[in-house]
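What follows is each chain in one-letter form.
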Amino acid sequence: MSALEPNTILIVEPKPDLAEVYRFLPQDSHPLHITSTQRATQYLQDKTPSLVVISASYSPVQIFHLLETLKNLSSSSKHLIPIIFSIDLEHKTSFIPGTRWGEKLGIINSLSSKKEVELILARVSKEQKSFGYN
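Described below are features of the structure shown in this document.

Reading the values: rules and limits
- Residues numbered from 1 in each chain as written.
- Predicted model: local features only at pLDDT ≥ 70, side-chain atom pairs only at ≥ 80, totals over all residues.
- Heavy atoms only, no water.
- Helix = DSSP H or I, 4+ residues; strand = E, 2+ residues; numbered from the N terminus.
- Buried < 20%, exposed > 50% of the residue type's maximum accessible area, 1.4 Å probe, protein only.
- Polar contact = N/O pair within 3.5 Å; in protein donor to acceptor, adjacent residues only side chain to side chain.
- Pairing = 2+ DSSP bridges.
- Axes fitted to C-alpha atoms, helices over the stretch in contact; angles between N-to-C directions.
- Contact = heavy atoms within 4.5 Å.
- Phe/Tyr/Trp six-rings, centres within 6.5 Å; stacked < 30°, edge-to-face > 60°.

1. Some remarks on the environment of Glu 13
Phase 1 of the analysis: Here Glu 13 lies in the loop between β1 (8-12) and β2 (30-34).
Phase 2 of the analysis: Residue class for Glu 13 comes out buried when judged on its relative accessible area of 1%.
Phase 3 of the analysis: A polar contact of 2.9 Å, which involves the side chain of Glu 13, links it to the side chain of Tyr 22.

This is how it looks when you write it as structure tokens:
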């Protein structure tokens, strides 16, 4: 995880009551829940979280803009910020962009179990190979 803001998890989720799956995030983390991609982008101007959880309920344009911000932040900090997309199975449509995100991308849904979330967190948080800035 990032050395800049250790254990800070940015959750970008428009539905505040979709908290069930987020309770499985590490207990020693400091989750920050933001309900719009615009406010998340503003937050990312000054801070670098160790993990970002993005709702798949946002429009493709909103998600791409947020991913572009995260890509630029990762580039300047030389650390690829892991991303987990969260799918609300009650939402009419969901959007997951086609990206590998340096193998630091996970997908959870509103029915994910604690074990599933733990396994995804372990995979996306593994130490990465060179990010190409050495």
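2. Structural notes on the sheet that holds strand β4 (residues 83-87)
Phase 1 of the analysis: Strand order in the open sheet made by the five strands is β2-β1-β3-β4-β5, with parallel pairing throughout. The sheet is open, and its two borders are formed by β2 and β5 (105-109), each paired with just one other strand. Within the sheet, the average angular offset between the axes of one strand and its neighbour, ignoring direction, is 20°.
Phase 2 of the analysis: Strand direction decides the pairing type here: strand β3 (residues 51-55) and β4, joined by four bridges, are parallel. From the neighbouring strand, Val 53 faces β4, where its bridge partner is Ile 84.
Phase 3 of the analysis: In this fold helix α2 (residues 60-77) packs onto β1, β3 and β4, with an angle of close to 170° to the strand it touches most, β3.
Phase 4 of the analysis: Against the sheet, helix α3 (residues 114-125) contacts β3, β4 and β5, and its axis sits at roughly 165° relative to β5.

3. Points about the packing of aromatic side chains
Phase 1 of the analysis: Applying the stated criterion to the full structure yields one aromatic pair.
Phase 2 of the analysis: Their ring planes at 75° and their centres at 5.6 Å tell us that Phe 64 and Phe 95 sit as a pair that is edge-to-face. Placement of the pair is Phe 64 in helix α2 and Phe 95 in the loop between β4 and β5, with a sequence separation of 31 residues.
Phase 3 of the analysis: When its relative accessible area of 45% is taken as the criterion, Phe 64 is described as partly exposed.
Phase 4 of the analysis: Owing to a relative accessible area of 22%, Phe 95 belongs among the partly exposed residues under this scheme.

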